[in-house]
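Secondary and tertiary structure notes
Each chain, letter by letter, is given below.
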2 protein chains.
Amino acid sequence: MAEEVSNKQIILRDYVKGFPKESDMTLKASTVKLKVPEDCSDALLVKNLYLSCDPYMRSRMRKIEGSYVESFTPGSAITGYGVAKIVDSSHPNFKKGDLVWGITGWEEYSLIRSTQGLFKIHHTDLPLSYYTGILGMAGHTAYCGFYEVCSPKKGEYVFISAASGAVGQLVGQFAKLLGCYVVGSAGSKDKVDLLKNKFGYDDAFNYKEEPDLNAALKRCFPNGIDIYFENVGGKMLDAVLLNMRLHGRIAVCGMISQYNLEEPEGTHNLFCLITKRIRMEGFLVFDYYHLYPKYLEMVLPLIKDGKINYVEDIAEGLENAPTALIGLFSGRNVGKQVVVVARE
Amino acid sequence: MAEEVSNKQIILRDYVKGFPKESDMTLKASTVKLKVPEDCSDALLVKNLYLSCDPYMRSRMRKIEGSYVESFTPGSAITGYGVAKIVDSSHPNFKKGDLVWGITGWEEYSLIRSTQGLFKIHHTDLPLSYYTGILGMAGHTAYCGFYEVCSPKKGEYVFISAASGAVGQLVGQFAKLLGCYVVGSAGSKDKVDLLKNKFGYDDAFNYKEEPDLNAALKRCFPNGIDIYFENVGGKMLDAVLLNMRLHGRIAVCGMISQYNLEEPEGTHNLFCLITKRIRMEGFLVFDYYHLYPKYLEMVLPLIKDGKINYVEDIAEGLENAPTALIGLFSGRNVGKQVVVVARE
């Protein structure tokens, strides 16, 4: 008979309006059998090690229809990207002891019924937590967003908002490696220091201390912006549109400033798209997973050779996951927000 | 000695705020010598035949800096696209009697000091006024906007706003010829009838009679929109964003609903760019003039074989040009708005 063990879970109580609070989630004590049930073919029972806190998860906290993601189910464990170790498998391609990253549950153990979108981890000489970020969804997002959507060229002027976040910190470094001039915005002095000193940005500013974003961008980019990597939306996007150069490109990765508003702010300067012949393109990493092996091939040596820096903000313990997730929306995290459930 | 003749001109009195009025312009009696001055090399003295009224001219009525066009000069004749006949030339490539289209003045005779952007008219078996529209800037705008920016494919769902205007009527017909499903919006019953009966649109609606644009689009496109050819901006763009399909494309040609506002309306649904991976791209015809001969090669036989219909709204006489121009912004014109200064 399979061993039955305790399985703590983070449950979403109900759909969330406005700014999410810790009390929107609750820790539930449960149990689980460490075996894939008899009637589940091609399934895995995994032990969760690291969980990823990502801004897109906010949209799953409300009732949504017809989007690229589904709502969380109130009363059930939250799901999201994570790194896990296989405890039992009924899938021919996965075996006990394998490490994987992909969608799992915010709980100690998860039954994964579909292995689609699950990646086996082959390189274990780097921290496993990296597969929640630089070696996982966030890293690949930065890669395909920058190289595939932005059509970057050496010497171009690149601006990145939320620039020290999981995706932003990597986009900036990819742009520097290509020979671009790179400026980032972030929400604290510490983050601005990180951008300049750790990630090698040419310049950076704290948007919370700039009374006029248009003026801040004009100061940093007297000749204008060729590429904007958009993570925040709202007022920043409007200011950027005024400062784009002819034939500029805007890769729309996220709009975190808008996620907790019931009615999104308006963008007023879209006419600049015409006068400056700007291409503005939204993208999702799912459309580029075929390039993931190519990305790993590029990024693994860069990490090992110290040519890319990567900063994580680690929360210890599943019970601290709600605080960690909510912190994303006030910018409390410095770098990629990870939750450690277990280290092995 | 060169003959000196009367030369009526349409003068912009001063920069315009809000909705332009006829009294913002005035008819001025002047005279002109029918000869290029001795000190003007590579210049032309032309007799203006047809003038084009185009929405972009609104932006030239205000003080602008750093845009793709310059402000009109208060106190001087308005300039814009037109068809003209050369009366005298000091340019080796142009001779007396040649017909040209390009930027000229809103006056009976103009001295053109730069022939850049001026095209010689070789095909005179079609109405000369067509070179203010289908065979000129508007036609080429429709061509490059649709074929070069929208990346259209047979069977796709295409929506066009201001669909019976100079550009819209042609985009819709190009899309039908390619085998797309095409719907247009316009601002009167007559225009909607024109779209359905003259231009062969599959469906059309009067946006002024739709209390809910989102519902109107859902009715016309139960499966969503692949391509939106954007001429109006504002509330229509927001409604369209909600109805775009995955990997849709929005070619931003104009935003006429916004041109008379001191502060443009906000666009609230840009997050759809991400969830639906939409590419939204502004363009200007100037970037595509190298394709103009290719366009003529395509469109001339279509017109001659009756496979493309083209509707003009003709105003007679230079003195009626201000009314004609202003009419664009209330949608008074049906089809391409042209002013006849002289027929030969």
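As the structure is a computational prediction, the values presented were derived from the model and not from experiment. (Residues numbered from 1 in each chain as written. Chains lettered and ligands numbered in written order. Predicted model: local features only at pLDDT ≥ 70, side-chain atom pairs only at ≥ 80, totals over all residues. Heavy atoms only, no water.)

Another aspect to go through is the overall build of chain A. Helix and strand counts for chain A stand at 9 helices and 17 strands. By the compact-globule yardstick of 20 Å for 344 residues, chain A fits well, its C-alpha radius of gyration being 21 Å. Over its C-alpha atoms, taken along the principal directions, chain A stretches across nearly 70 × 45 × 35 Å. The burial tally for chain A puts 60% of its 344 residues in the buried class. Counting contacts in chain A only where the partners sit at least 6 residues apart, residues at least 24 apart contribute 70% of the total. Taken as a whole, chain A presents about 14,100 Å² of accessible surface, with 49% of it coming from carbon and sulfur. (Helix = DSSP H or I, 4+ residues; strand = E, 2+ residues; numbered from the N terminus. Rg over C-alpha atoms; globule rule 2.2 N^0.38 Å. Buried < 20%, exposed > 50% of the residue type's maximum accessible area, 1.4 Å probe, protein only. Contact = heavy atoms within 4.5 Å. Areas by Shrake-Rupley, 256 points an atom, 1.4 Å probe, with all protein chains shown as cover.)

What follows covers the UniProt feature "domain: Enoyl reductase (ER)" (unreviewed entry) in chain A. In the numbering used here, UniProt assigns the "domain: Enoyl reductase (ER)" (unreviewed entry) feature to residues 44-339 of chain A. A distance of 21 Å separates the end C-alpha atoms of residues 44-339 of chain A, which is 28% helix and 25% strand. (UniProt positions renumbered as here; feature names shortened; annotations may be inferred.)

Residue and element names in this part refer to chain A. Across 4 bridges, the pairing between strand β10 (residues 157-160) and strand β11 (residues 181-186) is parallel. Residue pairing in the sheet places F159 in a bridge with V183 of β11. Traced from β10 through helix α3 (residues 168-178) to β11, the parallel crossover comes out right-handed. Bridging between β10 and strand β13 (residues 225-230) involves 3 bridges; their strand directions are parallel. Note that in β13 the partner of V158 across the bridge is I227. (Pairing = 2+ DSSP bridges. Right-handed = clockwise from strand over helix to strand, strands pointing away.)

When chain B is fitted onto chain A, the two copies agree to an RMSD of 0.0 Å after a turn of 180° and an axial shift of 0.0 Å. Such a combination of rotation and displacement between the chain copies is what one expects of a two-fold axis. Relative to the rotation axis, the C-alpha of G266(B) is the closest in chain B, positioned 1.9 Å from it. (Least-squares fit on C-alpha atoms with pLDDT ≥ 70 in both.)

So, about the pattern of salt bridges. A side chain with one charge may pair with a side chain of the opposite charge, provided their charged atoms come close. A full pass over the atoms with the stated rule returns 32 salt bridges over all chains. In this structure, E281(A) engages R279(A) in a salt bridge whose closest nitrogen and oxygen atoms are separated by 3.0 Å. By the burial criterion, E281(A) is buried, and R279(A) matches it. Here D287(A) ties to R277(B) by a salt bridge, and the two come within 2.7 Å at their closest N and O atoms. Here D287(A), found in the loop between β15 (279-282) and α8 (292-304), pairs with R277(B), found in the loop between α7 (272-275) and β15 (279-282), and the two come from separate chains. Classification of R277(B) as buried rests on a relative accessible area of 12%. When salt bridges that share partners are traced, they join K95(A), D98(A) and K120(A) into one network. (Salt bridge = Lys/Arg side-chain N within 4 Å of Asp/Glu carboxyl O.)

With that settled, consider the sheet that holds strand β14 (residues 244-252) of chain B. Strand pairing within a sheet occurs via backbone hydrogen bonds; the two strands may be parallel or antiparallel. Strands sit in the order β12(A)-β11(A)-β10(A)-β13(A)-β14(A)-β15(A)-β15(B)-β14(B)-β13(B)-β10(B)-β11(B)-β12(B) across an open sheet of 12 strands; the sheet is mixed. Lying at the two open borders of the sheet, with one neighbouring strand each, are β12 (203-206) of chain A together with β12 (203-206) of chain B. Pairwise comparison of adjacent strand axes, ignoring direction, gives a mean angle of 15° for this sheet. Pairing analysis gives 5 bridges linking strand β13 (residues 225-230) of chain B to β14(B), with the strands arranged parallel. Among the inter-strand pairings, Y228(B) is bridged to a residue of β14(B), identified as I250(B). Contacts from helix α6 (residues 234-243) of chain A reach β10, β11, β12, β13, β14 (244-252) and β15 of chain A, with the element oriented near 150° to β14(A). (Axes fitted to C-alpha atoms, helices over the stretch in contact; angles between N-to-C directions.)

The description of two aromatic rings rests on the distance between their centres and on the angle between their planes. All names here are of chain A. As enumerated under the stated definition, the model contains 42 aromatic pairs over all chains in all. Between Y81 and W101, the aromatic rings sit 6.1 Å apart at their centres with planes inclined by 40°, giving tilted as the arrangement. On the criterion of sequence distance, the pair formed by Y81 in strand β6 (residues 79-89) and W101 in strand β7 (residues 99-105) is long-range, its members being 20 residues apart. For the pair shown, Y81 and W101 are each scored as buried. With a centroid separation of 5.4 Å and 65° between ring planes, the pair formed by W101 and Y292 is classed as edge-to-face. Separated by 191 residues along the polypeptide, W101 in strand β7 and Y292 in helix α8 bring together distant segments of the chain. Take W101: its relative accessible area is 0%, and that puts it in the buried class. Three or more aromatic residues link up through ring pairs in this structure, and these residues are Y56, Y81, W101, F119, F286, Y289 and Y292. (Phe/Tyr/Trp six-rings, centres within 6.5 Å; stacked < 30°, edge-to-face > 60°.)

A word on the environment of A84(A). All names here are of chain A. Mapped onto the elements, A84 comes out in strand β6. A C-alpha to C-alpha distance of 4.3 Å links A84 and N48, two positions 36 residues apart in sequence. The contact partners of A84, leaving out residues within four places of it in the chain, are V46, K47, N48, L49, D98, L99 and V100.

Residues other than glycine seldom take positive phi values, yet S151(A) does so here, at roughly 45°. Mapped onto the secondary structure, S151(A) falls in the loop between α2 (137-149) and β10. Accessibility expressed as a relative area gives 33% for S151(A), which makes it partly exposed. Not every positive phi belongs to a glycine, and D42(B) is a case in point at roughly 55°.

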